[in-house]
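Survey of secondary and tertiary structure
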Amino acid sequence: MRLWKLAALTLLAAGCSGPVTPPTGPTPISPNPNTVPGPAPTPNNPPRILAVIVSTERAEVGDQVTVTANVSDDETPADSLKYEWTAPAGSFTGTGRVVTWKAPTGAGAVGSHKLTVAVVDQYGTPVQPAEHRVTAVSPAIRVEDSDASIRGLVLQFLDDFTHPEVSPQACVRNFSDSCRGKALELTDVTNNRLNFTILPSQSSYTISSVTINPARTLATTLARCKFTSIVKQAGPWGKPGDTTVATGNCRLTATYENQQWRLCESSLGATNTAGLHFIF
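Everything numeric here is computed off the predicted structure, so don't read it as measured data. (Residues numbered from 1 in each chain as written. Predicted model: local features only at pLDDT ≥ 70, side-chain atom pairs only at ≥ 80, totals over all residues. Heavy atoms only, no water.)

1. Points about the nonpolar core
Operational definition: In plain words, nonpolar cores are sets of buried Ala, Val, Leu, Ile, Met, Phe, Trp, Tyr and Cys residues tied together by side-chain atoms within 4.5 Å. Throughout this description, buried means an accessible area under 20% of the type-specific maximum (1.4 Å probe, protein chains only), exposed means over 50%, and partly exposed covers the range between. The way it works is that DSSP assigns letters per residue, a run of H or I at least four long becomes a helix, a run of E at least two long becomes a strand, and they are numbered from the N terminus. Two residues form a contact once any of their heavy atoms are found within 4.5 Å.
Counting 25 residues, the largest nonpolar core has Leu158, Cys250 and Leu263 as its most contacted members. Of all elements in the fold, only helix 2 (146-162), strand 12 (204-212), strand 13 (218-231), strand 14 (243-257) and strand 15 (260-272) reach the threshold of two or more residues within this core. Broken down by element, the residue count for this core peaks at six residues, all from helix 2. Discounting chain neighbours no more than four positions away, the residues touching Leu158 are Tyr205, Ala223, Cys225, Phe227 and Cys250.

2. Brief notes about the sheet that holds strand 9 (residues 129-137)
Keep this limit in mind: Two strands are counted as paired when DSSP detects at least two bridges linking them. The axes are straight lines fitted to the C-alpha atoms, using for helices just the contacting stretch, and the angles between their N-to-C directions are given from 0 to 180°.
Here three strands make up an open sheet; going across it, the order is 4-8-9 and the pairing antiparallel. The two strands at the open ends of the sheet, each matched to only one other strand, are strand 4 (82-86) and strand 9. Between one strand and the next, the sheet's axes are offset by a mean angle of 20 degrees, whatever the strand orientation. As judged from the nine bridges shared by strand 8 (residues 116-124) and strand 9, these two strands associate in the antiparallel manner.

3. Things to note about unusual backbone geometry
The residue Arg216 is not glycine, and still its phi comes out positive at about 60 degrees. Among the structural elements, Arg216 can be located in the loop between strand 12 and strand 13. With a relative accessible area of 29%, Arg216 lands in the partly exposed category. In the Ramachandran plot, Gln259 falls in the positive-phi region, its phi being about 60 degrees despite a non-glycine side chain. Mapped onto the fold, Gln259 is located in the loop between strand 14 and strand 15. Classification of Gln259 as partly exposed rests on a relative accessible area of 43%.

4. Notes on helix 4 (residues 181-195)
Residues spaced three or four apart along an α-helix face the same direction, because each turn holds 3.6 residues. Rules: To estimate the expected span of a helix, subtract one from its residue number and multiply by 1.5 Å.
Helix length check: helix 4 (15 residues) gives 21 Å between terminal C-alpha atoms against 21 Å at 1.5 Å per residue, within 8%. Taken together, the buried positions of helix 4 are occupied by Gly181, Glu185, Val189, Asn192, Arg193 and Asn195.

5. Looking at the pattern of salt bridges
Definition in use: Any carboxyl oxygen of Asp or Glu that lies within 4 Å of a side-chain nitrogen of Lys or Arg is treated as forming a salt bridge with it.
For the structure shown, the criterion picks out 13 salt bridges. When the shortest N-O distance is used, the salt bridge between Arg216 and Asp63 registers 3.0 Å. Of the two residues, Arg216 sits in the loop between strand 12 and strand 13 while Asp63 sits in the loop between strand 2 (58-60) and strand 3 (64-72), which places them 153 residues apart along the sequence. Of the residues examined, Asp63 reaches a relative accessible area of 22% and is grouped as partly exposed. Two residues, Asp79 and Arg97, come together in a salt bridge whose shortest N-O distance is 2.9 Å. Of this pair, Asp79 sits in the loop between strand 3 and strand 4 while Arg97 sits in the loop between strand 5 (91-93) and strand 6 (98-102), and the two are 18 residues apart along the sequence. Residue Asp79 is classed as exposed on the basis of its relative accessible area, which comes to 63%. Residue classification places Arg97 among the partly exposed residues on the basis of a relative accessible area of 24%.

Here is the structure:
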């Protein structure tokens, strides 16, 4: 009996000290060669803004300008994209590729304005939405308030002319160098300063009309003018110390060049108190 128990214990000890086989994981499943893989995600390229086209690069305050975005996209028709138009001033009417920009009015309106378009291509899924956003800027649009600009130039010149302390050269500073009228006017003002001393408090001028040609490149201004002067040099108009009054229509022309209005020619067909008709 003791021998049997001893043998059993020996066998048991041998079993406990033997090698242990580690557990194995699940048997890997070989892929089915007949299975078709799912479609790869479709690529989406951003839109391309080929050009931003404006109907004119020069406008008057309050004018309507048509603006068009020329856009290409590989996946989406251009008219199905989203367009966001912005500008530092003015306002837009409409949506999409073609809109209308109304040029601004008031302070800050005169100057160059650039319009910006952002083209948005929305794609992806409701769970994972995505978008491409590209922007472009239009050519500069020059906005003018021609009527106000021309009136300002004319009134400045007439005011300078009626103040004898203003030099002839300063009087013609707003005349265009490309107009022969600048040299002629400089001579006329110089001669006037030699022969007369104009009295500003007894002189006046009122603009009656400003006419601008359809191309907005030339303008003519008419004003009712009255100049009261003291004669300095004797002449047909009187002797030194006499007071003479010349009244008539002041006619001034203007030209648009280098993105600004400039005076071109000036004349005053006037009759003075001595009944003489002359031109300043």
